[in-house]
Amino acid sequence: MKIICISVYKYNLNVILTVYRKCYEVNFVISQFVALLLASLFRSVLHPSKTSAATRHVFGLVVALFIGYFCFGTQAIHLAALPAACYIVIRTQSPEIMQRMVLAVSLFYLSLIHLHRQIYDYGSYNLDITGPLMVITQKVTSLAFNLHDGLARTQEELSKSQKLYAVTKLPSALEYFSFALHFPSLMAGPSMFYKDYMDFIDGSNLKSPVMPDNAPDNRTIVIEPSPIRAVCKKAVLAVMCAALFVKFLPMFPISRVKEDDFVENTSFTQKILYLYICTALVRFKYYFAWTVADAICNNAGIGYNGVDESGTPKWDKFTNVDIFKFECATNLRESIEAWNLGTNRWLRMIVYERVTKYSMILTYSLSAIWHGFYPGYYITFANGALFTYASRVMRKTVRNYFLANAETKFFYDGVTFVVTRILMAYMVFTFVLLEFWPCIRLYMHMYWCLHLCALMAIFFVPKIIPKTVAGQASKSSIAQAFVQARPITNGVTRHHD
């Protein structure tokens, strides 16, 4: 009887969790659709020429609180608690140390929420309260570092980007919380810096001065570009991504890679192909969320980035992902740069540009902690550090041999395109699978082959293949170099950047 009761309890708990996840997903879609409609009010009724900055602040903040409560219920208290704790630090601590304390406080709070989710809903890969909290963490920490640059450092100490985003005045409570919780970017980003947000509030981000030939007295006319075309394109793209994700992901579940039959009875090629398909389909969920969020921001007037060569307005200043560049990249560096652009900007701003030693390791470490504590995350970022370094070494060593003419360059790009696809599937499936031993088990049955190739690329290839100047390698020198390196190049040249 006791066993039956326990089984019924577990079954009911699973049903409740499943219903909760589905409700959240529906609420997320509804909230984003409502946000898309309300965002246009910033360009009409709440235009900077018609209303005050305080009104625009209040509107963005109030709508965000309603959306947060609609999606998360009482959990929405965390959306206010995390930035509130950081605001206390900003207002009470010296600008000399405040930025580090804000980083520590926000990561500690976020980590507690990550651990709570991991304990009570282990292995869930659904959007939840941690998603908005991760975006808020980016905002409050970037503001803290911008304040540190503006209040505690001289202009000579700042880089070009640090000078651009330095903040010299502490924000009021309304400015701070509206920035942290602004509804167009609350649920899925994109994250932006405080100065960009204030430019949006006063409308200066949309001012595009032009001087037409027929303008009287050569007067400059300010034109505010319309985002409607960009919003429609991104909305259609988001719907397409959602349709592909919903239709095909159930056919290729990531859980299959844990099954004995898959691990033990499929070839390396079959494993890589399946990993590529299932990780690509998971990416469509991110494409949907980020593209919708981008459309919401554009509809509010956020994200204008000037005009292209044909004079068409560009709305990609805060875009979170470049789908085409990511899926068609010919090297690992391009893929990483095209993915989660807002997080890349944040990591570069607060870590990569501020440390002189171990910048790559520290950047990957912060990114891992920010994501949470699933073992799969740490395996992915360890893979990223290893393969990024190996690809750089291979690029410096091998690439110049293929720049002598267009044919060899085309061949090189084709090979690197295929290798990048294989490598991304091999190194990022752990990010989706999350669990430690299933990831290690699959790598063991794949004989750690690409890891070994990466190590060979780092330690042996530079000693065997001589470096050359771009375009100066003759056919004979190329042939001679690769004949000498033939014993290992079949396994190594697959890992260049």
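Since we're looking at a predicted model, the values are computed, not measured.

**Student:** I'm lost on the packing of aromatic side chains in this one. Help?
**Tutor:** The geometry of an aromatic ring pair comes down to the distance between the two centres and the angle between the two planes. Applying the stated rule across the entire model yields 32 aromatic pairs. Considering the side-chain rings of Phe402 and Tyr412, the 5.4 Å spacing of their centres and the 35° angle between planes classify their relative orientation as tilted. One end of the pair, Phe402, is in the loop between α16 (375–398) and α17 (406–433); the other, Tyr412, is in helix α17, with ten residues separating them in the sequence. Assigned by exposure class, Phe402 and Tyr412 land together as buried. Ring geometry for Tyr426 and Tyr443: centres 4.9 Å apart, planes at 55°, overall tilted. Placement of the pair is Tyr426 in helix α17 and Tyr443 in helix α18 (residues 436–445), with a sequence separation of 17 residues. By the burial criterion, Tyr426 is buried, and Tyr443 matches it. Three or more aromatic residues joined by ring pairs make a cluster, and in this case those are Phe42, Phe59, Phe179, Phe183, Tyr194, Tyr197 and Phe200. Over the aromatic face of Tyr274 sits the side chain of Arg256, whose NZ or CZ is 5.2 Å from the ring centroid. The positively charged end of Arg421 is found above the aromatic ring belonging to Phe417, 5.0 Å away from the centroid.

**Student:** When you look at unusual backbone geometry in this model, what are you seeing that I'm missing?
**Tutor:** Cis geometry is found at the peptide bond from Gly189 to Pro190, where omega equals 0°. Residue placement: Pro190 occurs in the loop between α7 (173–181) and α8 (194–202). A positive phi angle is found at Tyr358, which is not glycine, with a value near 55°. Note on placement: Tyr358 falls in the loop between α14 (341–352) and α15 (359–371). On the basis of relative accessibility, which here comes to 55%, the residue Tyr358 falls in the exposed class. Even without glycine at this site, Leu434 takes up a positive phi of about 75°. Within the secondary structure layout, Leu434 lies in the loop between α17 and α18.

**Student:** Please explain the packing of helix α3 (residues 77–92) against α7 as it appears in this structure.
**Tutor:** Describing two packed helices takes the angle between their axes plus the distance from one axis to the other. The interhelical angle for the contact between α3 and α7, taken along N-to-C directions, is 135°, at an axis separation of 10 Å. One finds that α3 runs oblique with respect to α7. Seen along the crossing, α3 lies across α7 with a hand that is right-handed. Seen from α3, the contacting residues are Leu79, Ala80, Pro83, Ala84, Cys86, Tyr87 and Ile90; seen from α7, they are Ala173, Tyr176, Phe177, Ala180 and Leu181. Here the residues of the contact of α3 with α7 sort into twelve nonpolar, no polar and no charged.

**Student:** Please explain the packing of α3 against helix α4 (residues 98–120) as it appears in this structure.
**Tutor:** Where α3 meets α4, the axes come as close as 9 Å, and the angle between the chain directions of the two elements is 160°. One way to sum up the angle between α3 and α4 is to call them roughly antiparallel. Judged by the twist between their axes, the crossing of α3 over α4 is right-handed. Listed contacts from α4 to His78, Ala81, Leu82, Ala85, Cys86, Val89 and Ile90 of α3 are Met98, Met101, Val102, Val105, Ser106, Tyr109, Leu110 and Ile113. Per-class residue counts for the contact of α3 with α4 are 13 nonpolar, two polar and no charged.

**Student:** It is not clear to me how a nonpolar patch on the surface should be interpreted in this structure. Could you clarify?
**Tutor:** Together, Met444, Trp448, Leu452, Leu455, Phe459, Phe460 and Ile464 make up a nonpolar patch on the protein surface, roughly 660 Å² of accessible area in all. Structurally, the position occupied by Ile464 is in helix α20 (residues 461–464). The partly exposed category is assigned to Ile464, whose relative accessible area is 32%.

**Student:** Please clarify how the pattern of salt bridges should be interpreted in this entry.
**Tutor:** Between side chains of opposite charge, pairing is possible as soon as their charged atoms come close. Following the criterion strictly, the structure yields eleven salt bridges and no others. Close ionic contact of Arg354 with Asp149 constitutes a salt bridge, the shortest N to O distance being 2.7 Å. Here the residue Arg354 occupies a position in the loop between α14 and α15, and Asp149 occupies one in helix α5 (residues 130–152), the gap between them amounting to 205 residues. Here Asp149 falls in the buried class, since its relative accessible area comes to 1%. In this structure, Lys317 and Asp196 form a salt bridge, with 3.4 Å as the shortest nitrogen-oxygen distance. Within this pair, whereas Lys317 is found in the loop between α11 (268–300) and α12 (323–328), its partner Asp196 is found in helix α8, the two being separated by 121 residues in sequence. Assessed through its relative accessible area of 8%, Asp196 is described here as buried.

**Student:** Can you walk me through the environment of Asn299 in this structure?
**Tutor:** Within the fold, Asn299 resides in helix α11. Classification of Asn299 by relative accessible area gives buried; the value is 7%. With 262 residues separating them along the chain, Asn299 and Leu37 place their C-alpha atoms 8.2 Å apart. Asn299 has contacts with Leu36, Ala39, Ser40, Arg43, Pro227, Ile228 and Val231, leaving out every residue within four places of it along the chain.

Parameters at a glance
- Residues numbered from 1 in each chain as written.
- Predicted model: local features only at pLDDT ≥ 70, side-chain atom pairs only at ≥ 80, totals over all residues.
- Heavy atoms only, no water.
- Phe/Tyr/Trp six-rings, centres within 6.5 Å; stacked < 30°, edge-to-face > 60°.
- Helix = DSSP H or I, 4+ residues; strand = E, 2+ residues; numbered from the N terminus.
- Buried < 20%, exposed > 50% of the residue type's maximum accessible area, 1.4 Å probe, protein only.
- Lys NZ or Arg CZ within 6 Å of the ring centre and 35° of its normal.
- Axes fitted to C-alpha atoms, helices over the stretch in contact; angles between N-to-C directions.
- Parallel < 35°, antiparallel > 145°, perpendicular 65-115°, else oblique.
- Left-handed = near helix turned anticlockwise from the far one by under 90°.
- Contact = heavy atoms within 4.5 Å.
- Nonpolar A, V, L, I, M, F, W, Y, C, P; charged D, E, K, R; others polar.
- Patch = residues over 30% accessible without salt bridge, like charges linked within 9 Å, V, L, I, M, F, W, Y side chains within 5 Å.
- Areas by Shrake-Rupley, 256 points an atom, 1.4 Å probe, with all protein chains shown as cover.
- Salt bridge = Lys/Arg side-chain N within 4 Å of Asp/Glu carboxyl O.

Taken by themselves, the reported measurements are silent on function.
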